[in-house]
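Structural overview
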Amino acid sequence: MNELMKSLPSPTLSGLQLPGLDAYRGWLFKWTNYLKGYQRRWFVLSNGLLSYYRTQAEMAHTCRGTIPLATAHIEVGDTCHLVLTSGGRSYHLKSTSDAECQRWVSALQQAKANATQMMQHSDDSGDEAPLAQDGRVLTAGVLKTLASKLDDLNTCNELIGKHGAALQRSLSELEDPRGATDGTDRLKAVNERATLFRITSNAAINACRDFLDVAETHNRRWQRALQHEREQRHHLEETIEQLAKQHNSLERAWRENPNSHTAGVDRTPEGEASDENDDGEFFDAVEESPAFITVTASNHTQHRRSASNQSMTSGGRPNDWTHNENVSYQTTLDNQRRARRRRIPDKPNYSLNLWSIMKNCIGKELSKIPMPVNFNEPLSMLQRLTEDLEYSELLDRAARCDSALEQMCLVAAFSVSSYSTTVHRTAKPFNPLLGETYELDRLDEYGYRSISEQVSHHPPAAAHHVTSQRGWTLWQDITIDSKFRGKYISVMPLGCIHLEFQASGHHYVWSKVTSTVHNIIVGKLWIDQSGDIEIVNNTTKDLCHLKFSPYSYFSRDAPRKVTGVVQDREGAAHYILSGTWDDRMECAKIVDSSPGGGGSEGKQKTVYQTLPAKLLWKKYPLPDNAENMHFFSTLALTLNESEDGVAPTDSRLRPDQQLMEAGLWDEANIQKTRLEERQRLERKKREAQANEALEEGQDIEGYHPLWFEKRTNEATGERTFVYRGGYWEAKERQDWTQCPEIF
């Protein structure tokens, strides 16, 4: 150590400081990734650990990483370079000079030697920290030793039993005056057998002591290992939470002033304003742009096309399929909705840490995670499906379209509009019970009525059927696949939505995109929709491709952006769709197209010349005080409204949901637990009946929904649940004898 001290400079030389014999500090450059390269970091060597920080000030609150030198390999690389390898990970460091690099190497090697010596010493004294050795070999050796000691104990036990029985017989013979042998011989036999019993007992005591010593010795080691793992886990949780807080701070800063941030790497000196992620791949930095470019046609081009544009529907009828009609519908719907309730009790302000519940459920399916109602909203998944009808007037207008391509634009706008109600809705809907139903009868107001049923519990699946007096029918069979990924929750609806117009016979099919809830650990929850939707008209083979762009910090586009192209069966593009899924959708008729310049990765983009865009759909404003009513839309506020004559399995009759809406969350949690336990018992009962039928060689009949049945779709060839009929007739008769008792 003295020689090392002599070789080191004064405390202020070259930035390397020596506050004490066990600590070294100074600046080094650390390799982060190919995007950022080497970044200057403040390193601290203390107690056999090499820790690094972004700045010296960060030492008080944020450590960016720690390298244990006792198990690390130190390698000197090229000029001014050194490499530390620990736990399968390599750290590439660089100094400003060879001399400084050599001083760091010497200090690291000395610290490694001290740490190794301390580890060996603590191992000998029984006070060591868990070693990074092969735990399997060590455990196998311990188990073998314990098994050997246990065999010794079993042998001693057998001998004690044998010699104890012999001693007891000798004592009995000694007490019997009628014995044939001499009393002296009997006494001698008793003494011999007593001696054997004592020897065997002592051997058993020694074997027990040996077994206990081995168990206690390794128990201390295992206790230390367990404590070490607990500390590591706690440290990891703190690190994750710290990263999440930093992520949330960056997000808030960007949202407050997005124009001041660019996609550049070094926005501030030494990159200190950005989160450090040594292994990050920075996917958001690569923005996926549309495969086309849109240019609005000039005035003279518009005049040449005016004849064809004046009548986009047959018969020269004025163009009423876009914004004007939407406004009139808005006024009509507002007038009709005033008869229904417009508010519910305010949401209680209960604080509960979601991370404390979710941190042990990473990778699990969301429907299998038991959660209190604090993270729910007082609607079931069946009611959320029904909310797709919020903008049913789009389908009413589409039913009156003579042009299949115009009709496709409205269907596309309808598919996007169903996500507008989710923008602030980060709470989880209730998982419906098996056999639970929900009806929405709006024949008098909007001309449709809807029925849905939970047809499967694991995986959770729901079937939905809507009939409209205004010329369309919609049905869907959706299975929810949801996963908790640690920092976010992904909800992936599987299945197709079918829409058929009676007048034209056009049959449309599409699916839903992935919904992601972010900031599960810390920060404000927010939801994003991402993925592609392909809407196919199975009758005409027209196609619409919609792209929901995922949110990106680096994108200059509007958040929640949706773009799309409507094509005929020949692949020719006729309309460009654009907008956002939380606010509006517009369409622009294509009047000309031409090859454009090369895009990313050498792909050529098509330039579409269009007429000015026309509004297809715009989101209705939320009701007053919506932020205290779960951000429910006008339709959502009415979904739990009491209705006469509904089935006893209807979601609006579910007690835990009713109590939650009333603000009685503790009582709602009690009812939720009761209903879930009852459903588990019913499932076990069905499984027992199935096993019994299997043993008897009988056919096993699974669960059959009451109002839906599986059929093969002629257009797509898939087997889906479709409405079998009978619900509305049963409601008219008030005959619910077939309904199970689920509440």
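Everything numeric in this text was worked out from a predicted model, so none of it was measured.

Procedures and definitions
Residues numbered from 1 in each chain as written. Predicted model: local features only at pLDDT ≥ 70, side-chain atom pairs only at ≥ 80, totals over all residues. Heavy atoms only, no water. Helix = DSSP H or I, 4+ residues; strand = E, 2+ residues; numbered from the N terminus. Buried < 20%, exposed > 50% of the residue type's maximum accessible area, 1.4 Å probe, protein only. Polar contact = N/O pair within 3.5 Å; in protein donor to acceptor, adjacent residues only side chain to side chain. Contact = heavy atoms within 4.5 Å. 1 Å grid on protein atoms, 1.4 Å probe; cavity = no way out; pocket = protein on both sides within 12 Å on 5 of 7 lines; lining within 4 Å. Points joined across faces, edges and corners; volume = space filled by probe spheres on them. Nonpolar A, V, L, I, M, F, W, Y, C, P; charged D, E, K, R; others polar. Expected span 1.5 Å × (residues − 1). Pairing = 2+ DSSP bridges. Disulfide = S-S within 2.5 Å. Phe/Tyr/Trp six-rings, centres within 6.5 Å; stacked < 30°, edge-to-face > 60°. Lys NZ or Arg CZ within 6 Å of the ring centre and 35° of its normal. Core = buried A, V, L, I, M, F, W, Y, C linked by side-chain atoms within 4.5 Å. Salt bridge = Lys/Arg side-chain N within 4 Å of Asp/Glu carboxyl O. pLDDT = per-residue confidence, 0-100. Patch = residues over 30% accessible without salt bridge, like charges linked within 9 Å, V, L, I, M, F, W, Y side chains within 5 Å. Areas by Shrake-Rupley, 256 points an atom, 1.4 Å probe, with all protein chains shown as cover.

By the element assignment, H457 lies in the loop between β13 (448-456) and β14 (461-468). For H457, a relative accessible area of 19% puts it in the buried group. Side chain to side chain, H457 and Q679 meet in a polar contact 3.1 Å long. Not counting chain neighbours up to four residues away, the residues in contact with H457 comprise P432, L434, Q679 and R683.

Before going further, it helps to examine the environment of N713. Structurally, the position occupied by N713 is in the loop between β27 (708-712) and β28 (719-723). The buried category is assigned to N713, whose relative accessible area is 12%.

Here we come to empty space enclosed by the protein. Under the definition given, this model contains seven cavities of 30 Å³ or more. Approximately 90 Å³ is the volume attributed to the largest cavity. Looking at the largest cavity, it is lined by 15 residues, and the ones nearest its centre are T421, K619, Y620, L622 and S633. Tallied by class, residues from the lining of the largest cavity come to seven nonpolar, five polar and three charged.

Moving on, we get to helix α10 (residues 404-417). In this model α10 runs 20 Å from its N-terminal to its C-terminal C-alpha over 14 residues, within 8% of the 20 Å that 1.5 Å per residue would give. For α10, a buried count of 14 out of 14 residues is recorded, marking the element as mostly surrounded by other parts of the structure. Where α10 begins, one side-chain oxygen reaches toward the backbone nitrogen of L405, 3.4 Å away; that side chain belongs to S403.

A few words now on the pairing of strand β21 (residues 543-548). Bridge count for strand β20 (residues 526-537) against β21 is six bridges, and the pairing is antiparallel. Along β21, the bridge assignment pairs V536 with L543. As defined by bridge partners, β21 adjoins strand β22 (residues 561-567) across six bridges and the pair is classed as antiparallel. Across the sheet, residue C544 finds its bridge partner in β22, namely V566.

To continue, consider the state of the cysteines. Taken as a whole, this structure holds zero disulfides when the rule is applied. No disulfide involves C80; its sulfur sits 6.2 Å from that of C101, the nearest cysteine. With relative accessibility at 13%, the residue C80 sits in the buried group. The thiol of C587 is not disulfide-bonded; the next cysteine sulfur, from C409, is found 4.7 Å away.

Moving on: the packing of aromatic side chains. Aromatic ring pairs are described here by two measures, namely the spacing of the ring centres and the angle between the planes. As enumerated under the stated definition, the model contains 16 aromatic pairs in all. On the basis of an interplanar angle of 25° and a centroid distance of 6.1 Å, the ring pair of Y446 and Y448 is categorised as stacked. Taking the centre distance of 6.4 Å and the plane angle of 40° together, the rings of Y448 and W472 count as tilted. Taken together, the positions of Y448 in strand β13 and W472 in strand β15 (residues 472-484) put the pair 24 residues apart, joining distant regions of the chain. Here Y448 falls in the buried class, since its relative accessible area comes to 1%. An aromatic cluster is defined as three or more aromatic residues linked by ring pairs; in this entry it consists of W707, Y727, W728 and W736. Lying across the ring of W27, R40 places its NZ or CZ 3.9 Å from the centre. The residue whose ring lies beneath K512 is Y419, and the NZ or CZ to ring-centre distance is 5.6 Å.

To continue, consider the nonpolar core. Of all hydrophobic cores here, the largest spans 65 residues; its most connected members are W472, L499, W510, I535, L546, F548 and L577. Here the element with the most residues in this core is α10; it accounts for nine residues. Judged by nonpolar contacts, the second largest core, of 20 residues, contains L50, Y52, L69 and A72.

Within this structure, the stated rule accounts for 27 salt bridges. Residue D656 is joined to R654 by a salt bridge in which the shortest nitrogen-to-oxygen separation is 2.9 Å. Residues D656 and R654 agree in their burial class; the two are buried. Several salt bridges share partner residues, and in doing so they unite R340, R442, E445, E641 and E643 into one network.

Here we come to unusual backbone geometry. In this structure, N625 takes a positive phi of about 65° despite not being glycine. Here N625 shows up in the loop between β26 (614-618) and α12 (634-638). For H630, which is not glycine, the phi dihedral falls at a positive 65°. Topologically, H630 is positioned in the loop between β26 and α12. When its relative accessible area of 9% is taken as the criterion, H630 is described as buried.

Of all residues in the protein chain, 75% attain a pLDDT of 70 or more, and the chain-wide mean is 78. Long-range and interchain partners of residues 260-287, a stretch whose pLDDT sits below 50, account for 57 contacts in this model, where long-range means more than four residues apart. Note on residues 325-331: pLDDT is under 50 here. Beyond four places in sequence and across chains, it has 14 contacts.

On to a nonpolar patch on the surface. On the surface, L171, L174 and L187 cluster together into a nonpolar patch covering about 230 Å² of accessible area. Turning to its location among the elements, L187 is positioned in helix α4 (residues 183-256). The partly exposed category is assigned to L187, whose relative accessible area is 42%.

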